[in-house]
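# A closer look at the structure
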Amino acid sequence: MKTVILYASVHHGNTKRVAEALAGNTAADLINIVQNPAVDLAGYDLIGFASGAYFGGFHQTIKELIEKTNQLAGKKVFLLGTCGVGYKDYAGSTKKQLKAKGAVVLGSFQCRGFDTYGILGKIGGIAKKHPDQRDLENAALFFQKILQAAENE
């Protein structure tokens, strides 16, 4: 199953670390969508979208790619998110956007990540040392379930 993980990791590399941990255990391609926003998804069977939380949702580059592409109908997708405060599902609006494009959303994973945005920077940030080893292990378990679900779908 040809897999790609598209990620937007702008501030501290939190999301990149999680995406790299997943891609490192498989033959998945890993693409920084901020640096390479024009991606051809046609050859992929499974697509991951990974982002930190930006104003309550995924990075704008990911939202724009989903909006502009016509290559998601019937594709199996999953979402990964990192956030300073994990009190809500930051992938929610992106899930809706993907479903509206005809994608099959297999699941989402979210963990905390070091955050110094805005006023948080003045206090030294929150969720220091995250994602940690436990977060990465939980992400790997999630990814194994996604791979199994994608094969069985």
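Residues numbered from 1 in each chain as written. Predicted model: local features only at pLDDT ≥ 70, side-chain atom pairs only at ≥ 80, totals over all residues. Heavy atoms only, no water.

## Details of the pattern of salt bridges
Using the criterion set out here, one finds three salt bridges in the structure. Here Lys16 and Glu20 are joined by a salt bridge, their closest N and O atoms 3.8 Å apart. Taken together, the residues Lys16 and Glu20, both in helix α1 (residues 14–24) and four residues apart, mark about one turn of the helix. A residue is classified by how much of its surface remains accessible, and Glu20, at 36% relative accessible area, is partly exposed. (Salt bridge = Lys/Arg side-chain N within 4 Å of Asp/Glu carboxyl O. Helix = DSSP H or I, 4+ residues; strand = E, 2+ residues; numbered from the N terminus. Buried < 20%, exposed > 50% of the residue type's maximum accessible area, 1.4 Å probe, protein only.)

## Some remarks on the side chain of Thr3
Note on placement: Thr3 falls in strand β1 (residues 3–8). When near neighbours in sequence (up to four residues on either side) are disregarded, Thr3 contacts Ala28, Asp29, Tyr44, Leu46, Phe143 and Leu147. (Contact = heavy atoms within 4.5 Å.)

## Focus: the packing of helix α2 (residues 60–68) against helix α3 (residues 92–100)
Where α2 meets α3, the axes come as close as 9 Å, and the angle between the chain directions of the two elements is 15°. When the axes of α2 and α3 are compared, the pair comes out roughly parallel. Handedness of the crossing formed by α2 with α3: left-handed. Contacts between α2 and α3 pair Lys63, Ile66 and Glu67 from the former with Thr94, Gln97 and Leu98 from the latter. Here the contact of α2 with α3 is composed, by residue class, of two nonpolar, two polar and two charged. (Axes fitted to C-alpha atoms, helices over the stretch in contact; angles between N-to-C directions. Parallel < 35°, antiparallel > 145°, perpendicular 65-115°, else oblique. Left-handed = near helix turned anticlockwise from the far one by under 90°. Nonpolar A, V, L, I, M, F, W, Y, C, P; charged D, E, K, R; others polar.)

## Describing the confidence of the model for the protein chain
Summarising the model, the protein chain shows a mean pLDDT of 85, and 88% of its residues fall at 70 or more. α2 holds the highest mean pLDDT among the elements of the protein chain, 93, whereas helix α4 (residues 119–122) holds the lowest, 64. (pLDDT = per-residue confidence, 0-100.)

## What to know about the environment of Asn14
You can see Asn14 is positioned in helix α1. Owing to a relative accessible area of 11%, Asn14 belongs among the buried residues under this scheme.

## Comments concerning the environment of Pro37
Note on placement: Pro37 falls in the loop between β2 (29–32) and β3 (46–52). Once the C-alpha coordinates of Pro37 and Thr61 are considered, the two residues, 24 residues apart in sequence, prove to be 6.9 Å apart. Ignoring anything within four residues of it in the chain, the contact list for Pro37 reads Thr61 and Leu65.

## Observations concerning α2
By the burial criterion, the buried members of α2 are Thr61, Ile62, Leu65 and Ile66. Taken end-on, α2 shows its buried residues confined to a sector of 135°, consistent with a single buried face. Turned more than 90 degrees from where α2 packs its buried face, Glu67 and Lys68 sit exposed. Where α2 is buried, its residues contact β1, β3 and α3. (Arc of directions from axis to C-beta.)

## Quick word on the pairing of strand β4 (residues 76–83)
Within β4, eight of the eight residues are buried, which leaves the element mostly enclosed by the surrounding structure. What you see with β4 is no split at all: Lys76, Phe78, Leu80 and Thr82 on one side and Val77, Leu79, Gly81 and Cys83 on the other are buried throughout. Read as a crossover between parallel neighbours, the route from β3 over α2 to β4 is right-handed. (Right-handed = clockwise from strand over helix to strand, strands pointing away.)

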